[in-house]
Amino acid sequence: GNKRQGKINRSDRIQETMASSKSLTKVLNLWTCPRTSSTALTLSFAQRPDTKVFDEPVLAHYLRVTGKKYADEENLRGKGDSDGEVAMQRVFTFDSGKKLHWVKN
């Protein structure tokens, strides 16, 4: 993998996490823009018993890094960790027992 000054970069850590997992979990990622049917699609995936849903897991990180405000601050809780690496580790840690991780960003 890519190593810089003896450190493993984030991409390598995620790949190591995926490789160490004996799971057959797949990750399906939807990048979307406001005012699409993405919420309805996400809700439909949430109904599947074999799917774990991550709704905007990197939003809190994006807001922290950019300093931008979020229109719905009250509902920001549960929208991921403000550390992007931690948020992505959650997506790529396959201990949920689910076959699919649905990610909407």
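Residues numbered from 1 in each chain as written. Predicted model: local features only at pLDDT ≥ 70, side-chain atom pairs only at ≥ 80, totals over all residues. Heavy atoms only, no water.

**Details of the overall build of the protein**
Worth spelling out the cut-off: Numbering of helices and strands runs from the N terminus; a helix is a DSSP stretch of H or I covering at least four residues, while a strand is a stretch of E covering at least two. The rule is simple: take the accessible area with a 1.4 Å probe, protein chains only, and divide by the maximum for that residue type; under 20% is buried, over 50% is exposed, in between is partly exposed. Whether two residues touch is decided by their heavy atoms; if any such pair falls within 4.5 Å, the residues are in contact.
Secondary structure assignment for the protein yields four helices and five strands. Ordering the α and β elements of the protein from the N terminus gives β-β-α-β-α-β-α-α-β. Out of the 105 residues in the protein, the part that is buried amounts to 30%. Sequence separation of 24 or more characterises 64% of the internal contacts of the protein that already satisfy a separation of 6 or more.

**Side note on unusual backbone geometry**
With a phi angle near 55 degrees, Glu56 is a residue other than glycine that sits in the positive phi range. We classify Glu56 as buried; its relative accessible area is 19%.

**Considerations on the side chain of Thr25**
The following threshold applies: Nitrogen and oxygen atoms within 3.5 Å of one another constitute a polar contact, given that in protein one can donate a hydrogen and the other can accept it, and given that sequence-neighbouring residues count only through two side-chain atoms.
Along the chain, Thr25 falls in the loop between helix 1 (10-20) and strand 3 (26-30). Polar side-chain contacts of Thr25 include one of 2.7 Å to the backbone oxygen of Lys98. The contacts of Thr25, once residues within four sequence positions are left out, are Phe94, Lys98, Lys99, Leu100 and His101.

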